Amino acid sequence: AAKLKEAEDSEGEKSRLEAERLSLEEKMEDYDRLSIIEGEVLELESFIHNQNIQKKKLEDEISELSSEIENSRAEQKKLQDCETNKLEYEKKAQSVKNRGVFLASVRKAVTEKDDCEEKLLKKQQRYKEVADRSDAIESEYNCKHRIFLDGQAGLLASSLEENKPCPVCGSVTHPFPAKKIESIPSKEELETLLESKEKISDEVQSLSNECAAIKSQVTEKTTFIQQGLEESECGIILDSDTGRKLDNLLQTLRNEYKTYEQGIKSENLRIQAKQKLDDSIPLDEQKLTKVTETLAEIKNTLTEKTAICGQKKNQMESLSTIYLYKMRAISIAAQFFFTM
C-alpha cells in the first residue's frame, strides 16, 4: 500500500511538472510574441518620430519657399518697366547728344568766326599800309616817268613852278624838280622804280584777295551760326555774348546726358535683377512642387505607419491581457495544487 501510494504520488508529481512545463512553454510563446510586437512598435514609433521631424522640416521649407516666391514675384512686378525705362533713357540721351553735337559745331563756328574777324582786321590793316605805299610809289613813278618823257622832249626847264600843280601828277610840291637836264631820272632808275611799283601792286592785290577770302569765311560762318541758332530753337541770338551763352547751354546738355546715362546704368542693373528673378522663380517653383510632393508622400506614409502602429499597440494590449490572465490562472492553479 505504501509503495502504491508512493507510485501515485510520483505520477501526480510527473503530471504536475508536465502541466507546468506546458504552461511555461505557452507563457513563453506569448511573451515572445509580445516582445516581437513591442519591438515592432518601438521601431514604428522611432520611424514616425523621424518622419515627423522630416515633415516639419519640409513644411518649414515649403513656407520659406512660398514666401520667397511671393516676394520674388512682387519684386519681379516692380521691375516690369525696366526695359521701357531704359529705351526711354536711351532715346532722351541720344536726343541730347545730337543736340549737343550740333550746338558744339555752332559754338566752334563762333570761335572760328571770331578768329577770322580778328585775322581780317589785321589783314585789312596790312592791306591799307601796303596800298598807301603802293599809291606813293605809283605817284613817284608816274611823276618821274613824265619828267623823263618831258626831258626827252626838251619841255622840262620851265614846266615846274613852286606851289603850283605839276602838269604830270598834280602835286604842288616838287621833290624832284628838273631845273637842270642832269636831274632827269635815268632809264635804269625808272625800270627799278617800275619793278618796285609792280611788286608792291602785286602784294596789294594779294592782300586784297586774302581779305576777300577771309571776309567770305566770316560771312559763311555767320550764316551757319544764325541758321544753327534758329534751327536749334535755343533762344540765343548772334551777338558778342553768343559764345558764353552757348558754353552754358552745352554744359547743361552735358549734365542732362550724364543724368540719362546714369539712368541707363540703373535700368541695366534692374534688367539684370529681373533676369535673375525670371530664371530663379521657375526653379523655386519646381523645387516647391517636389518638396510638396515629398511632403505628401511622408504624410501618406505617416498615416499608414501610424495606423499600423495603432494596430500593433492593440495587439500588444490584447496579448498583455491574455498573458496576465494566463499568469494569474497559473498562479491560482499552483496554489490549488499545493494546497491539496
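What this report covers is the structure whose coordinates are included nearby.

## Details of the overall build of the protein
Helix and strand content of the protein: four helices and zero strands. Secondary structure elements in the protein, listed N-terminal to C-terminal, are α-α-α-α. The buried share of the protein, reckoned over its 340 residues, is 26%. For the protein, the proportion of contacts with a sequence separation of at least 24, taken over those separated by at least 6, is 83%. For the protein, the accessible area works out to roughly 23500 Å², and carbon and sulfur atoms hold 52% of it.

## Some points on the packing of aromatic side chains
The relation between two aromatic rings is expressed through the spacing of the ring centres and the mutual angle of the planes. This model, assessed by the stated rule, comprises one aromatic pair. Lying across the ring of Phe47, Lys305 places its NZ or CZ 5.8 Å from the centre.

## Looking at helix α3 (residues 187-232)
Compared with the 68 Å implied by 1.5 Å per residue over 46 residues, the 67 Å span of α3 between its first and last C-alpha is a close match. One or two positions beyond α3, positive phi appears at Glu233, with a value near 50°.

## Some details on the side chain of Glu267
One can find Glu267 in helix α4 (residues 242-338). In this structure Glu267 comes out as buried when scored by relative accessible area, which is 7%. A polar atom in the side chain of Glu267 sits 2.8 Å from the side chain of Arg270. Excluding anything up to four places from it in sequence, Glu267 contacts Asp81, Cys82, Asn85, Lys86 and Tyr89.

## Description of the side chain of Ser72
Checked against the element boundaries, Ser72 lands in helix α1 (residues 2-78). According to the relative accessible area criterion, Ser72 is buried, its value standing at 10%. Excluding anything up to four places from it in sequence, Ser72 contacts Leu277 and Ile281.

## Regarding unusual backbone geometry
Keep in mind that most residues, glycine aside, have a negative phi and that most peptide bonds are trans. In this structure, Glu233 is a non-glycine residue whose phi angle is positive, near 50°. Relative to the assigned elements, Glu233 resides in the loop between α3 and α4.

## What about the environment of Val218?
For Val218, the position within the fold is in helix α3. Spatially, the C-alpha atom of Val218 lies 8.2 Å from that of Asp114, the residues being 104 residues apart in sequence. Val218 has contacts with Lys113, Cys116 and Glu117, leaving out every residue within four places of it along the chain.

## Here's the deal with the pattern of salt bridges
According to the stated counting rule, one finds 23 salt bridges in the structure shown. With its nearest N and O atoms 2.3 Å apart, the salt bridge here joins Arg73 to Glu285. One end of the pair, Arg73, is in helix α1; the other, Glu285, is in helix α4, with 212 residues separating them in the sequence. Residue Glu285 is classed as partly exposed on the basis of its relative accessible area, which comes to 29%. The closest approach of N and O atoms between Lys113 and Glu117, which form a salt bridge, is 3.0 Å. Here Lys113 and its partner Glu117 are both found in helix α2 (residues 82-153), four residues apart, which amounts to about one turn of the helix. The exposure class of Glu117 is partly exposed, given its relative accessible area of 30%. What you see here is one network of salt bridges that share partners, running through Asp81, Glu267 and Arg270.

## Section: the environment of Leu79
Secondary-structure assignment places Leu79 in the loop between α1 and α2. Residue contacts for Leu79: discarding those within four places in its chain leaves Arg270, Ala273, Lys274 and Leu277.

## Comments concerning α2
For α2, with 72 residues, the first-to-last C-alpha span of 102 Å sits near the 106 Å given by 1.5 Å per residue. Positive backbone phi, at 75°, marks Gly154, one or two positions downstream of α2.

## Regarding the packing of α2 against α3
At their nearest, the axes of α2 and α3 sit 6 Å apart, and the two run at 160° to each other. If you check the angle between α2 and α3, you find them roughly antiparallel. Where α2 crosses over α3, the two elements pack in a sense that is left-handed. Looking at the contact of α2 with α3 residue by residue, the classes come out as 25 nonpolar, eleven polar and 19 charged.

Parameters at a glance
Residues numbered from 1 in each chain as written. Predicted model: local features only at pLDDT ≥ 70, side-chain atom pairs only at ≥ 80, totals over all residues. Heavy atoms only, no water. Helix = DSSP H or I, 4+ residues; strand = E, 2+ residues; numbered from the N terminus. Buried < 20%, exposed > 50% of the residue type's maximum accessible area, 1.4 Å probe, protein only. Contact = heavy atoms within 4.5 Å. Areas by Shrake-Rupley, 256 points an atom, 1.4 Å probe, with all protein chains shown as cover. Phe/Tyr/Trp six-rings, centres within 6.5 Å; stacked < 30°, edge-to-face > 60°. Lys NZ or Arg CZ within 6 Å of the ring centre and 35° of its normal. Expected span 1.5 Å × (residues − 1). Polar contact = N/O pair within 3.5 Å; in protein donor to acceptor, adjacent residues only side chain to side chain. Salt bridge = Lys/Arg side-chain N within 4 Å of Asp/Glu carboxyl O. Axes fitted to C-alpha atoms, helices over the stretch in contact; angles between N-to-C directions. Parallel < 35°, antiparallel > 145°, perpendicular 65-115°, else oblique. Left-handed = near helix turned anticlockwise from the far one by under 90°. Nonpolar A, V, L, I, M, F, W, Y, C, P; charged D, E, K, R; others polar.

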